[in-house]
Amino acid sequence: MKKLKFQSQAGMNDILPEDQKYFKKVYEVVSEIADFYGFSKIETPILENADLFTTATGTATDIVKKQMYSFRTKSGDFLTLRPEGTPGIIRAYIEHGMQNLPHPVKLWYFGPFFRYERPQSGRYRQFHQFGFEVIGEKGAVVDAQIIQIFYNILKELKLKSLIIEINSIGDSQCRPYYKKLLSNYFRNRESSLCVECRRRLKENVLRILDCKEEKCQPVKADAPQILDHLCEECRLHFKEVLEFLDEVEIPYRLNPYLVRGLDYYTKTIFEIFSISEKQDQDSKEKELALGGGGRYDKLVKILGGKDMPASGGAVGIERVVSLLKNQDVRFKEENKVSVFIAQLGNLAKRKSLKLMDGFRKMNIKVAESFGKDSLKAQLNRADRIGAKYSLIIGQQESLDNTVIIRDMKTGKQNIVKFEKVLEEIKRLLKNK
Ligand code: AMP
């Protein structure tokens, strides 16, 4: 294909009109459920100081090391297009005095995010997420409730075969010891690790656990598992989360290799998948995660706030939309066009504009084709879009101050006075 003069950036997609219905539906379900669970919506800017992410997300993470879109502004500030939502929300929470509100503070968001990744199916450079954050609750029930909210949203969207993968990565009491144990284990087997994992061994040993390289799998299989090394508090917390999930019958499975990429997590972490029936549940070619999250008890303090526990997560909307299409999920048709106005000549056009205004006030959906002059072409279009009635205002009708109402199914026509047409259509639609 000939290269166009301008094209969208690799990995940055236009969301075309035909896909808007999916985004709209996701938004409707998310906002309804957020409202039910008592979350308030927050919108933070797309640009933030780059330091916010290096401090919160962590310097050794893929996001910060490889995936940030950053640039220096004319005044010398170093800014980043937000790669994830939580740091900006916690910044806003601290900045706007929300620490003084009664807790927990429950917030949700919906918007675009940016990561410089290799574009491929399900992985883009601009994508959208919705997410939930609960600040100020340390109980395990909140972790389970966040998972329940995501699960309910995806269920409400009629997605099938959902499963939660879950793990605990401990806290500052038990994780350092576990990391040391893991480092010792892998250091003794360094030659069996892939190049990337040898680097991880120095910088972020936990990330070796979620390496997908074939070479690393046998070494990983015998590595010490964090669940065997949690401190009492973390062990109890995790046990409770699982009990709550059992209680509400949310399907989950433990994944000892789940670490999530970010530095700020403590205790519970989770990811959500939809495993198609065709796939073996343990297949390595598991589909991409729909979402993920976890507890982050230290982040508020790290970003300059009080010592405040928190928990949250986010779901990728493009992946949800792609699954809605793959699973052939249909939504109820939106308010369809009931009436088509066909007209000839300027006087008729003026009358059409007036009629449209009247129908809008009555909440009756109307269409027209002002660009077409032939009545036949206009009625063809009325047929194609499935209008129940066409209103025909030709030159004669304009002069007589009348309108022809045509029943598009039977082809029957009758003439009414212009002033009566709104009432008449209302009556006809009611009886349909
Ligand atoms: P994360 O916190 O990185 O696990 O992201 C949460 C969710 O956002 C993922 O499970 C994906 O559904 C979605 N997501 C993350 N990165 C991308 C991307 N580059 N393109 C599309 N969706 C993404």
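Source: prediction; values computed, not measured. (Residues numbered from 1 in each chain as written. Predicted model: local features only at pLDDT ≥ 70, side-chain atom pairs only at ≥ 80, totals over all residues. Heavy atoms only, no water.)

(A) Inspection of the overall build of the protein at higher detail. A count of helical and extended segments in the protein gives 15 helices and 16 strands. For the C-alpha atoms alone, the extent of the protein along its principal axes is close to 95 × 55 × 55 Å. Here the protein holds 432 residues, and the buried ones make up 50% of them. Expressed as a percentage of contacts within the protein between residues at least 6 apart in sequence, the contacts between residues at least 24 apart total 70%. Just so you have it, the protein exposes about 22900 Å², and 50% of that area is on carbon and sulfur atoms. (Helix = DSSP H or I, 4+ residues; strand = E, 2+ residues; numbered from the N terminus. Buried < 20%, exposed > 50% of the residue type's maximum accessible area, 1.4 Å probe, protein only. Contact = heavy atoms within 4.5 Å. Areas by Shrake-Rupley, 256 points an atom, 1.4 Å probe, with all protein chains shown as cover.)

(B) How the structure looks around the confidence of the model for the protein. Put simply, the protein has an average pLDDT of 93, and 97% of its residues get 70 or more. Scored below 50 in pLDDT, residues 280-285 makes six contacts in the model with residues more than four places away or belonging to other chains. (pLDDT = per-residue confidence, 0-100.)

(C) Examining the packing of helix H5 (residues 140-156) against helix H9 (residues 232-247) more closely. Orientation of H5 relative to H9, taken along the N-to-C sense of each, is 40°, at an axis distance of 8 Å. Put simply, H5 runs oblique to H9. Judged by the twist between their axes, the crossing of H5 over H9 is right-handed. Packed against H5, whose contacting residues are Ala140, Val141, Asp143, Ala144 and Ile147, the element H9 presents His237, Glu240, Val241, Phe244 and Leu245 at the interface. (Axes fitted to C-alpha atoms, helices over the stretch in contact; angles between N-to-C directions. Parallel < 35°, antiparallel > 145°, perpendicular 65-115°, else oblique. Left-handed = near helix turned anticlockwise from the far one by under 90°.)

(D) Geometry of the sheet that holds strand E2 (residues 47-49). Across the sheet, three strands lie side by side as E2-E4-E3; this open sheet has antiparallel pairing. The strands lining the two open edges of the sheet, one partner per strand, are E2 and strand E3 (69-72). Each adjacent strand pair in this sheet contributes to an overall mean axis angle of 35°, direction not counted. For E3 and strand E4 (residues 78-81), the ladder comprises four bridges, and the chain directions are antiparallel. Within E4, the position partnered with Arg72 by the bridge is Phe78. (Pairing = 2+ DSSP bridges.)

(E) Spatial organisation of the side chain of Glu397. Mapped onto the secondary structure, Glu397 falls in helix H14 (residues 395-400). Although buried, Glu397 forms no salt bridge, and the nearest oppositely charged side chain, Lys351, lies 9.9 Å from it. Apart from the residues within four sequence positions on either side, Glu397 is in contact with Ile392, Thr402 and Ile404. (Lys, Arg positive; Asp, Glu negative; His and termini not counted. Salt bridge = Lys/Arg side-chain N within 4 Å of Asp/Glu carboxyl O.)

(F) Spatial organisation of the sheet that holds strand E7 (residues 162-168). Read from one edge of the open sheet, eight strands run E1-E5-E6-E11-E10-E9-E7-E8, paired in mixed fashion. With one partner strand each, in any of the chains shown, strand E1 (40-41) and strand E8 (252-254) form the two edges of the open sheet. By the bridge criterion, five bridges tie strand E9 (residues 266-274) to strand E10 (residues 291-295) in an arrangement that is antiparallel. Within E10, the position partnered with Ile272 by the bridge is Gly291.

(G) The domain arrangement of the protein, seen in detail. When the domains of the protein are assigned, the result is domain 1 (17-174 + 230-326) and domain 2 (339-431). Each of domain 1 and domain 2 has a C-alpha centre, and the two are 50 Å apart. (Domains from an automatic or database assignment.)

(H) The arrangement of the site of the ligand in detail. Around the ligand, the structure places 14 residues, and the nearest of them are Arg115, Glu117, Tyr124, Arg260 and Leu290. One of the backbone nitrogen or oxygen atoms of Gly316 is found 3.3 Å away from an oxygen atom of the ligand. Only strand E6 (126-135) and strand E11 (310-316) provide two or more residues apiece to the shell around the ligand. Taken together, the residues of the shell around the ligand break down into five nonpolar, four polar and five charged. (Near = heavy atom within 4 Å. Polar contact = N/O pair within 3.5 Å; in protein donor to acceptor, adjacent residues only side chain to side chain. Nonpolar A, V, L, I, M, F, W, Y, C, P; charged D, E, K, R; others polar.)

(I) Just the nonpolar core, in detail. Formed by 44 residues in total, the largest nonpolar core has its most connected members in Val26, Phe130, Phe132, Ile153 and Val320. Of all the secondary structure elements, the ones that give two or more residues to this core are helix H1 (17-36), strand E5 (105-114), E6, H5, E7, H9, E9 and helix H11 (317-326). Ranked by residues supplied to this core, first place goes to H5 with 10 residues. Listed in part, the 32 residues of the second largest apolar core include Ala56, Val64, Leu299 and Leu303. (Core = buried A, V, L, I, M, F, W, Y, C linked by side-chain atoms within 4.5 Å.)

(J) Looking closely at the environment of Gln120. Looking at the secondary structure, you find Gln120 in the loop between E5 and E6. The spatial distance from the C-alpha of Gln120 to the C-alpha of Gly11 is 7.5 Å, given a sequence separation of 109 residues.

(K) Here's a closer look at H1. Between its first and last C-alpha, H1 extends 29 Å over 20 residues, near the 28 Å set by a 1.5 Å rise per residue. What H1 keeps buried is the set Asp19, Tyr22, Phe23, Val26, Val29, Val30, Ile33 and Ala34. For H1, the buried positions fall inside an angular range of 130° around the axis, keeping them on one side. Turned more than 90 degrees away from the buried face of H1, the exposed residues are Pro17, Glu18, Glu32, Asp35 and Phe36. Buried residues belonging to H1 abut E5, E6, H5 and H11. Of the residues trailing H1, Gly38 is marked for its positive phi of about 80°. (Expected span 1.5 Å × (residues − 1). Arc of directions from axis to C-beta.)

(L) Representation of a nonpolar patch on the surface. A contiguous nonpolar patch, built from Ile46, Leu47 and Phe71 and spanning about 220 Å² of accessible area, is present on the exposed surface. Within the secondary structure, Leu47 is located in strand E2. Leu47 sits in the partly exposed class, given a relative accessible area of 34%. (Patch = residues over 30% accessible without salt bridge, like charges linked within 9 Å, V, L, I, M, F, W, Y side chains within 5 Å.)

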